[in-house]
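Structural characterization, general
Each chain is listed here by its residues.
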Amino acid sequence: MNKFLILVVATLALACAQARPDAYDAAAETREYKSDLKEDGSYNYQYQTSNGIAGQESGVGGYYASGSSAYYAPDGQLVQLTYTADENGYHPVGAHLPTPPPIPAAILKSLEYIRTHPHQEQRQGQGRF
């Protein structure tokens, strides 16, 4: 019974330790914050905290934005992200982001064949009606 009680107490203590925020992050403060919004809709802002989180962005509201952010992961690794957003969507770039696998050679070859060999109807300029 004593071993079971010790195991339960140890498990609860570990769970509580993992659930509470890191004291360093919990005490973080904003060291710098700048923001500018102009009448033409353009803007920019930047911020930095005492625990290494930083970000900045500039753009024209509703049309375009570009920026970056950075923070330190729990293992101490610096994580950096840059991005743009425009009429073509959101485009993030960062070493931590997943990347798609390469397209197999057979698929690339097939796509090239399709591109260089249009359908018979397209070559003749006629449709089937």
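The structure under discussion appears in the preceding block.
To start, this report covers the structure provided alongside it. These numbers were taken from a predicted model, which means no experiment stands behind them.

This part takes up the overall build of the protein chain. A count of helices and strands for the protein chain gives four helices and six strands. Counting from the amino terminus, the protein chain carries its helices and strands in the arrangement α-α-β-β-β-β-β-β-α-α. Across the protein chain, contacts joining residues at least 24 apart in sequence account for 6% of those joining residues at least 6 apart.

With that settled, consider the side chain of Thr49. Relative to the helices and strands, Thr49 resides in strand β2 (residues 42-49). On the basis of relative accessible area, Thr49 is assigned to the buried category, the value being 16%. The contacts of Thr49, once residues within four sequence positions are left out, are Glu29, Thr30 and Arg31.

Once that is clear, we can look at the packing of aromatic side chains. Enumeration over the complete set of coordinates arrives at two aromatic pairs. Both rings, one in Tyr45 and one in Tyr47, keep their centres 6.4 Å apart while their planes meet at 15 degrees; by these two values the pair is stacked. Taking the centre distance of 5.7 Å and the plane angle of 40 degrees together, the rings of Tyr83 and Tyr90 count as tilted. Residue class for Tyr83 comes out buried when judged on its relative accessible area of 14%.

This part covers the sheet that holds strand β4 (residues 64-72). Here six strands make up an open sheet; going across it, the order is β1-β2-β3-β4-β5-β6 and the pairing antiparallel. Each end of this open sheet is capped by a strand with a single partner; those strands are β1 (30-37) and β6 (89-93). The mean angle between the axes of side-by-side strands here comes to 10 degrees, regardless of whether they run parallel or antiparallel. Pairing of β4 with strand β5 (residues 78-86) involves eight bridges; the strand directions are antiparallel. Each bridged residue has a counterpart across the sheet, and for Ala65 the counterpart in β5 is Ala85.

This structure, assessed with the given rule, holds two salt bridges. Salt-bridge contacts for Lys34 lead to Glu32; the nearest nitrogen and oxygen are separated by 3.6 Å. Taking the shortest distance from any N to any O, the salt bridge between Arg115 and Glu112 comes out at 2.7 Å. Placement of the pair is Arg115 and Glu112 together in helix α3 (residues 105-116), with a separation of three residues, close to one helical turn. You can call Glu112 partly exposed: its relative accessible area is 37%.

With respect to the helices and strands, the residue Asn51 is situated in the loop between β2 and β3 (54-60). For the pair Asn51 and Tyr71, spaced 20 residues apart in the sequence, the C-alpha separation amounts to 8.2 Å. Sequence-distant contacts of Asn51, that is, excluding residues within four places in its chain, are made with Tyr24, Asp25, Ala28 and Tyr72. Here Asp25 takes part through its side chain, which lies 2.8 Å from a polar atom of the side chain of Asn51. Within the structure, Asn51 has its side chain in polar contact with the side chain of Thr49 (distance 2.4 Å).

Quick notes on the rules
- Starting from 1, residues in each chain are numbered consecutively following that chain's sequence as written.
- For a predicted model such as this one, the threshold for reporting local features is a pLDDT of at least 70, and the threshold for listing and counting side-chain atom pairs is 80 or more; totals across whole chains, interfaces and linings nevertheless cover every residue.
- Side-chain descriptors were evaluated using all non-hydrogen atoms of the structure, hydrogens and water having been removed beforehand.
- A helix here means a DSSP run of H or I that spans at least four residues, while a strand means a run of E at least two residues long, and both kinds are numbered starting from the N terminus.
- Here a residue-residue contact requires only that any non-hydrogen atoms of the pair lie within 4.5 Å.
- Only protein chains enter the accessibility calculation, which uses a 1.4 Å probe; a residue is then buried when its area is under 20% of its type maximum, exposed when over 50%, and partly exposed in between.
- Only Phe, Tyr and Trp rings take part, Trp by its six-membered ring, and two of them pair if their centres are within 6.5 Å. Stacked means planes under 30 degrees apart, edge-to-face means over 60, and tilted covers everything else.
- Strands pair, by our definition, only if DSSP identifies at least two bridges between them.
- Lines fitted to C-alpha atoms define the axes here, with helix axes fitted over just the stretch in contact, and angles between the N-to-C directions of these axes take values from 0 to 180 degrees.
- We define a salt bridge as a side-chain nitrogen of Lys or Arg found within 4 Å of a carboxyl oxygen belonging to Asp or Glu.
- Counting of polar contacts relies on pairs of N or O atoms within 3.5 Å, with two restrictions inside protein: one atom must be capable of donating a hydrogen and the other of accepting it, and residues adjacent in sequence are counted only when both atoms are side-chain atoms.

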